[in-house]
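If you want the building blocks of each chain, they are given just below.
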Amino acid sequence: MAEAVKTLDHVVAINWNRIQDDKDVEVWNRLTSNFWLPEKVPLSNDIQSWATLTEDEKTLTMRVFTGLTLLDTIQGTVGAVSLIPDSLTTHEEAVYTNIAFMESVHAKSYSSIFSTLANTKQIDDAFRWSQENENLQRKAKIILDFYHGDDPLKKKVASTILESFLFYSGFYLPMYWSSHAKLTNTADLIRLIIRDEAVHGYYIGYKFQRGVETERAERQAELKDYTFELLFELYENEVQYTHDLYDSVGLAEDVKKFLHYNANKALMNLGYEAMFPSTVTDVNPAILSALSPNADENHDFFSGSGSSYVIGKAENTEDDDWDF
Amino acid sequence: MRSALVERTTDTAEAESPRQVSARLIYFSSASGYTHRFVGKLGFAAEQVARLPLMTKEPTLLATEPFVLVLPTYGGGDGKGAVPKQVIKFLNVKANRDLIQGVIAGGNTNFYEAYCLAGDIVSAKCGVPLMYRFELMGTAEDVVAVREGLERFWEQR
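The structure reproduced in this document is the subject of the present report. (Residues numbered from 1 in each chain as written. Chains lettered and ligands numbered in written order. Predicted model: local features only at pLDDT ≥ 70, side-chain atom pairs only at ≥ 80, totals over all residues.)

## As for the packing of helix α3 (residues 55-83) of chain A against helix α7 (residues 152-166) of chain A
All names here are of chain A.
Right, so step 1: It is the contact of α3 with α7, at a shortest axis distance of 11 Å, that shows an interaxial angle of 150°. In terms of orientation, α3 and α7 fall into the roughly antiparallel class. Crossing angle aside, the handedness with which α3 passes α7 is left-handed. Side by side, α3 and α7 meet where L71, Q75, G79, S82 and L83 of the first sit next to K155, K156, S159, L162 and L166 of the second. (Axes fitted to C-alpha atoms, helices over the stretch in contact; angles between N-to-C directions. Helix = DSSP H or I, 4+ residues; strand = E, 2+ residues; numbered from the N terminus. Parallel < 35°, antiparallel > 145°, perpendicular 65-115°, else oblique. Left-handed = near helix turned anticlockwise from the far one by under 90°. Contact = placed C-beta atoms within 7 Å.)

Spelled out as C-alpha cells, the structure:
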C-alpha cells in the first residue's frame, strides 16, 4: 500500500438541518436518487452478442474495461477520500463519501461484465495488460501524485479532469458497440456510470470554483495555468493510450474527437472556457446518439425554416409543484 | 473542514409579491452559475435580461413583455426534478405563461434521454418551441447561434 491519505484531525457532528451551501443538499439528493447496482442490469443478454465479436474486438473491450476499473478504483479508494479533509462544510464531506462508495460500485460493475462475458484467462490477461501498459500507468501516477499532494484546489482540478475527461477514451467503446446494436446491456450499465461521473465532475468542479473565488488574482492565474498544463499533459498521454488500444481496430482518430469534446466539458466543469475548436470536436453522430439520443436531433429552431420546430414531449415526468 | 462558511441569511424577502420586469430574456441559473455565464456571453444589454431569484422562497418575477426563457436541466435518473423549482414557481404565474415565446435549455449529454429535459418539459407544458440546447456554459458556436437567432427572432416579431 502507498502512503496513507490524510484524514481529518477534528470532526464536527453533521447537522443536516443547518445548511451552509445548498449545492451540498442538492447533489446529495441527486446522487442518492441516482443510486444503482450492476445486478439490476441484465448483462447476460449480451452473451450472444459478445460471441459475434472478433478476437481483437474482444481483447480491446476487455482492456478498455480494465483501464476503467483502474480509474474507478483510484477515485473510490484514494481520490474522493483525499478531498474530504479540504471540505468547507460537513455536508461536503458526506457527499465525498457518497462519491467514493459509488466509484467502488463502478469498479465492481466491470467485474460483473467480465464474469458474464469472459473466461478467467481472458480476464487475467486483460488485467495484466493494464498493469503493464505504460500510458495507462502514467495517467494513474499523474493523478495519484496530486491526490497525495497538499494543494486542495489542485487536487480538485485533478479529480475533475479524471471524472470528466480521463474516462472517455474507455467510454467511447461501449457507445460504439451500442451504436452497432452490440453489447447493448453493457452499454446501459456504462451509461449509468457516465451519468454518475457527470454529477461528480460537476460537484467537484463547483467546489473548485468556490475555492478559486476566494483566492488573490495571482493565485487564480496560477491555478488556471496549472489546469491547462495538466490537461494538456494528460491529453498527450491519452492520445498515446488511445493508439495503444484502438489502432488494432482502426478507431483511434474517431476516439480522439470524443476526447476533445470531453476535454472541453472538463474545462467547463472547472469554470474555464472550452479549449478545443469545433473543427476537432465533431464527434461521430452515431456515438453522440448512443450517449444521448436527444443530442443528435435537430433542435436548432434558429437555423431552421421556423415552420417545423419541435414542441417537447415529456408528459411522464411530472413534478408535484406545477400548478398547470 | 478547512474553514466554516458564514451562514447565509436569506430572510430578507418580504411579502410574496412578484417583481415586475421588462426583459426579452429571462433566465434561471443556480449557484454554480453555468447558465448565468452562458447568458452573459450573449452580450445583450443589461435591461433586456432578467435573472430569476436563486432561492425558491424569494418572490418570483412578473414578466411584462414577451420573453424567451433560458434554464438549466437538473440531471436526474427518471426526469423528476429536471426543471428547477424556481422556474416552476415562475411559470405557475399565468401572466408569465401568456408571454413566454420559447425556451432555450442547458444540459449535459451524459444524462442520456434526460439531456436538456427541462427544455422539453417547459416546451410541452407551455406549448412553445424548444429553440436551442447547449451543454454546461455553452461553446463559442452556441453563443453565436443563440445571439444571432434571438436577434432575428425579435426583429421578425
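Picking up where we left off.
## Some details on the nonpolar core
Generally speaking, a soluble globular protein has its nonpolar side chains buried in company with each other.
Right, so step 1: Membership of the largest hydrophobic core comes to 126 residues, with the highest contact counts inside it found for A:I161, A:Y172, A:I287, B:L69, B:L71, B:A118 and B:V122.
Right, so step 2: Element by element, the count of residues in this core is highest for helix α9 (residues 184-213) of chain A, at 13 residues.
Right, so step 3: Residues within four places of B:A118 in sequence aside, it is in contact with B:L71, B:P72, B:T73, B:A82, B:V83 and B:A105. (Core = buried A, V, L, I, M, F, W, Y, C linked by C-beta atoms within 7 Å. Buried ≥ 20, exposed ≤ 12 C-beta atoms within 10 Å, placed from the backbone.)

## A few points about the sheet that holds strand β6 (residues 100-107) of chain B
Residues and elements named next belong to chain B.
Right, so step 1: Overall, parallel pairing links the 5 strands, which are arranged β3-β2-β5-β6-β7 in an open sheet. The sheet is open, and its two edges are formed by β3 (49-51) and β7 (130-135), each paired on a single side. Each strand of the sheet is rotated relative to its neighbour by a mean of 20°, with strand direction disregarded.
Right, so step 2: Sheet topology note: the strand β2 (residues 25-27)/β3 ladder contains 3 bridges and is parallel. Each residue of the ladder has a partner; that of Y27, found in β3, is R51.
Right, so step 3: Relative to the sheet, helix α1 (residues 34-42) contacts β2, β3, β5 (67-72), β6 and β7, its axis offset from that of β5 by approximately 140°. (Pairing = 2+ DSSP bridges.)

## Comments concerning the interface of chain B and chain A
Quite often, the size of an interface is put as the accessible area lost when its parts meet.
Right, so step 1: In this complex, chain B contributes 48 residues to the contact, which on the side of chain A involves 50 residues.
Right, so step 2: Here the side of chain B that touches chain A takes 7 residues from helix α4 (residues 117-126) of chain B, the largest share from any one element.
Right, so step 3: Partitioned by chemical class, the residues of the side of chain B that touches chain A number 20 nonpolar, 17 polar and 11 charged. (Nonpolar A, V, L, I, M, F, W, Y, C, P; charged D, E, K, R; others polar.)

## A few points about the pairing of β7(B)
Residues and elements named next belong to chain B.
Right, so step 1: Among the 6 residues in β7, 6 count as buried, and that is most of the element.
Right, so step 2: Sheet topology places β6 next to β7; 5 bridges connect them, and they run parallel. Within the sheet, the bridge partner assigned to A105 lies in β7 and is R133.
Right, so step 3: Traced from β6 through α4 to β7, the parallel crossover comes out right-handed. (Right-handed = clockwise from strand over helix to strand, strands pointing away.)

## Structural notes on helix α1 (residues 22-33) of chain A
All names here are of chain A.
Right, so step 1: With 12 residues, α1 extends 17 Å from end C-alpha to end C-alpha; this agrees with the ideal 16 Å at 1.5 Å per step.
Right, so step 2: Considered for burial, the residues of α1 that qualify are K23, D24, V27 and R30. One side of α1 holds all its buried residues, which, seen down the axis, span an arc of 135°. Relative to its buried face, α1 has exposed residues pointing more than 90 degrees away, namely T32 and S33.
Right, so step 3: Among the structural elements, α4 (90-117) and α9 are those in contact with the buried residues of α1. (Expected span 1.5 Å × (residues − 1). Arc of directions from axis to C-beta.)

## Observations regarding helix α5 (residues 140-156) of chain B
All names here are of chain B.
Right, so step 1: With 17 residues, α5 ought to run about 24 Å at 1.5 Å a step, and its terminal C-alpha atoms sit 25 Å apart, in line with that.
Right, so step 2: Buried within α5 are the following residues: D142, V146, G149 and L150. Each buried residue of α5 lies within a common arc of 100° when the element is viewed along its axis, so the set occupies one face. Of the exposed residues in α5, the ones pointing more than 90 degrees away from its buried face are A140, E148 and E155.
Right, so step 3: On the buried face of α5, the contacting elements are α1, β5, β6 and β7.

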